[in-house]
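Chain and residue survey
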Amino acid sequence: MGSETPVVDATPNPTKTLCVLGGSSAGTPILIEALGNTRAAGALPALHVRLYGRAAERLAAIEAHANYRLTQLAGDTDTARSGILLSSHTHLADAVTGADLILCQVRIGGR
């Protein structure tokens, strides 16, 4: 048991996937902005955020507004600079399959 050099993984953190159940909530753009700020501070890896909701039209509007907030953080119209990619899903299996983290912000009995 000599002094062995520890093996250090030098590869950068890969993109992590966060699934947000209840992604069509009015609070979702605030969540995305907070994630963007935390990412900009270097405290998060690149994220793919999958927004899940039942109402496709509302979900699309929330995603568009969240992307707008990310462009404001990036200082231009390129949301990729924020390191956060958003996608919307109305099928639960598509949203959760392979996710690293799942956040449940579903209102009980809500519409």
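In this report, we go over the structure that sits alongside the text. Note that this is a predicted model, so its numbers are computed, not measured.

This part is about the state of the cysteines. Under the counting rule described, the total for this entry stands at zero disulfides. Here Cys 19 stays free of any disulfide, with the sulfur of Cys 104 as its closest cysteine sulfur at 9.4 Å. Classification of Cys 19 by relative accessible area gives buried; the value is 0%. Overall, the relative accessible area of 55% leaves Cys 104 in the exposed class.

Applying the stated criterion across every chain, the model contains one salt bridge. The partner of Arg 69 in a salt bridge is Glu 33, with the nearest N and O atoms 2.5 Å apart. One end of the pair, Arg 69, is in helix H2 (residues 56–74); the other, Glu 33, is in helix H1 (residues 28–40), with 36 residues separating them in the sequence. For Arg 69, a relative accessible area of 24% gives the class partly exposed.

Pairing in this open sheet of four strands is parallel, and the strands run S3-S2-S1-S4 from one edge to the other. Looking along the sheet, the strands with just one partner apiece sit at the ends: strand S3 (84–89) and strand S4 (101–104). Ignoring which end each strand starts from, the neighbouring axes of this sheet average 20 degrees apart. In this sheet, strand S2 (residues 47–52) lies alongside strand S1 (residues 16–21) in parallel orientation, the contact comprising six bridges. Across the sheet, Val 20 pairs through a bridge with Leu 51, a residue of S2. The strands touched by H2 within the sheet are S2 and S3, with S3 carrying the most contacts at an inclination of about 175 degrees.

Right, let's get into H1. Here H1 contains 13 residues, and its C-alpha end-to-end distance of 18 Å stays within 8% of the 18 Å for a straight helix at 1.5 Å per residue. Those residues of H1 that fall on the buried side of the exposure criterion are Thr 28, Pro 29, Ile 32, Leu 35 and Gly 36. Each buried residue of H1 sits inside an arc of 120 degrees when the element is viewed along its axis, so together they form one side. Close packing links the buried residues of H1 with S1, S2, H2 and S3. With its phi angle positive at about 85 degrees, Gly 42 sits one or two positions after the end of H1.

Rules behind the numbers
Residues numbered from 1 in each chain as written. Predicted model: local features only at pLDDT ≥ 70, side-chain atom pairs only at ≥ 80, totals over all residues. Heavy atoms only, no water. Disulfide = S-S within 2.5 Å. Buried < 20%, exposed > 50% of the residue type's maximum accessible area, 1.4 Å probe, protein only. Salt bridge = Lys/Arg side-chain N within 4 Å of Asp/Glu carboxyl O. Helix = DSSP H or I, 4+ residues; strand = E, 2+ residues; numbered from the N terminus. Pairing = 2+ DSSP bridges. Axes fitted to C-alpha atoms, helices over the stretch in contact; angles between N-to-C directions. Contact = heavy atoms within 4.5 Å. Expected span 1.5 Å × (residues − 1). Arc of directions from axis to C-beta.

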